[in-house]
Amino acid sequence: MRVLVIEDDEAIASAIVTGLTREGFTPVRVATGAEALRSLPTDFILLDLGLPDRDGIELFEDLRAASSAPIIMVTARGAEHDRIAGLDLGADDYVVKPFGFRELVARINAVTRRTSGTDAESKVQQVGPITIDRRTRTITVDGAEIACTPKEYGILDLLARDPGAVVTRQELLDELWGPNWFGSTKMIDVHVASLRRKLGLAEAIETHRGIGFRLALTP
Ligand code: CA
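Conventions we followed
- Residues numbered from 1 in each chain as written.
- Predicted model: local features only at pLDDT ≥ 70, side-chain atom pairs only at ≥ 80, totals over all residues.
- Heavy atoms only, no water.
- Phe/Tyr/Trp six-rings, centres within 6.5 Å; stacked < 30°, edge-to-face > 60°.
- Lys NZ or Arg CZ within 6 Å of the ring centre and 35° of its normal.
- Salt bridge = Lys/Arg side-chain N within 4 Å of Asp/Glu carboxyl O.
- Helix = DSSP H or I, 4+ residues; strand = E, 2+ residues; numbered from the N terminus.
- Buried < 20%, exposed > 50% of the residue type's maximum accessible area, 1.4 Å probe, protein only.
- Donors = N, O, S within 2.8 Å, 3.2 Å for Na, K, Ca; no water.
- Pairing = 2+ DSSP bridges.
- Axes fitted to C-alpha atoms, helices over the stretch in contact; angles between N-to-C directions.
- 1 Å grid on protein atoms, 1.4 Å probe; cavity = no way out; pocket = protein on both sides within 12 Å on 5 of 7 lines; lining within 4 Å.
- Points joined across faces, edges and corners; volume = space filled by probe spheres on them.
- Nonpolar A, V, L, I, M, F, W, Y, C, P; charged D, E, K, R; others polar.
- Domains from an automatic or database assignment.

Colleague: Can you explain the packing of aromatic side chains? Please cite residues and give values.
Modeller: All chains considered together, the criterion is met by zero aromatic pairs. Above the ring of W177, the side-chain terminus of K151 is found at 4.9 Å from the ring centroid.

Below, the structure written as structure tokens:
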């Protein structure tokens, strides 16, 4: 798996590259945002938000637009940390410096597990008029692709893994925001409302008050 390591600090970058190589990954290290955008496509992105040439958040948005690879943000404690926690940017996870290498590998593996279907059959799924393509992370309704955010995609992806079953808010939080999120679960409702609007199928996602959500469609 090719991992794009976007990090301007030489010592941190070389430690990450050495460690990832030892773990069987194929790291590609770049030190600037401009180089990062030239180094796509990739399978996974580690993005240090404190770069010399670009605002990290803007670069994140450019990477998201240009690539469907999962992104883990790397932040300095006290710097961008609060900004990220306060904004729902749709990163797949983030780690705060200084972090242990084992923690980083565990995060990469966890994100990879939750963003990739393992068997070929689960990669394109039809539920009612909705098609979820897990290879390209796209959703189509009656053949027309909808422009969903990574979080909206993630919510539908999770609900569709077991159509008809209720998925709790906590399960959605754990899967999509990771174990380090301590914000309110209410924002999930905001993402679900937006997803419903985009799907144009008001009754497709049922809210089970106080519990969670359910995809009320049959395959
Ligand atoms: Ca930096």
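Colleague: Go over the pattern of salt bridges, please, and point to the residues and values.
Modeller: Close approach of charged atoms allows side chains with opposite charge to pair. On inspection of all chains with the given rule, the structure shows 13 salt bridges. Notably, a salt bridge pairs E10 with R29, separated by 3.1 Å at the nearest N-O pair. One end of the pair, E10, is in helix α1 (residues 10-22); the other, R29, is in strand β2 (residues 26-30), with 19 residues separating them in the sequence. Since its relative accessible area comes to 53%, E10 is described here as exposed. For R54, the salt bridge goes to D62, with nearest N and O atoms at 2.8 Å.

Colleague: Summarise the environment of L49; cite the residues concerned and give the values.
Modeller: Considering the arrangement of structural elements, one finds L49 in the loop between β3 (44-48) and α3 (56-66). Residue classification places L49 among the buried positions, given a relative accessible area of 4%. Taking the C-alpha atoms as reference, L49 lies 42 Å from T218; in sequence the two are 169 residues apart.

Colleague: Residues and numbers for the coordination of the calcium ion, please.
Modeller: By definition of the ideal shapes, a tetrahedral metal site with four donors has angles of 109.5 degrees and an octahedral site with six donors has angles of 90 or 180 degrees. Coordination sphere of the calcium ion, protein contribution only: D8 (OD), D48 (OD) and G50 (O), at 2.3 Å. Mapping the donors of the calcium ion onto the primary sequence yields the spacing D-x39-D-x1-G. Note that D8 is positioned in the loop between β1 (2-6) and α1 and D48 in strand β3, a separation of 40 residues in sequence. You can call D48 buried: its relative accessible area is 4%.

Colleague: Run through the sheet that holds strand β9 (residues 144-146), naming residues and quoting values.
Modeller: Strands sit in the order β6-β7-β8-β9 across an open sheet of four strands; the sheet is antiparallel. Looking along the sheet, the strands with just one partner apiece sit at the ends: β6 (124-127) and β9. Within this sheet the neighbouring strands show an average axis-to-axis angle of 25°, counted without direction. Pairing of strand β7 (residues 130-133) with strand β8 (residues 138-141) involves four bridges; the strand directions are antiparallel.

Colleague: Tell me what's going on with empty space enclosed by the protein, and back it up with residues and numbers.
Modeller: Summed over the entire model, instances satisfying the criterion amount to two cavities of 30 Å³ or more. Its boundaries defined by the atoms lining it, the largest cavity holds a volume of some 130 Å³. Counting residues per element, the ones that place at least two in the lining of the largest cavity are α5 (101-115), α6 (150-161) and α7 (169-176). Per-element tally for the lining of the largest cavity: the top contributor is α6, with seven residues. Tallied by class, residues from the lining of the largest cavity come to four nonpolar, two polar and seven charged. Taken together, domain 1 (2-116) and domain 2 (124-215) each give at least three residues to the lining of the largest cavity, which thus spans both.

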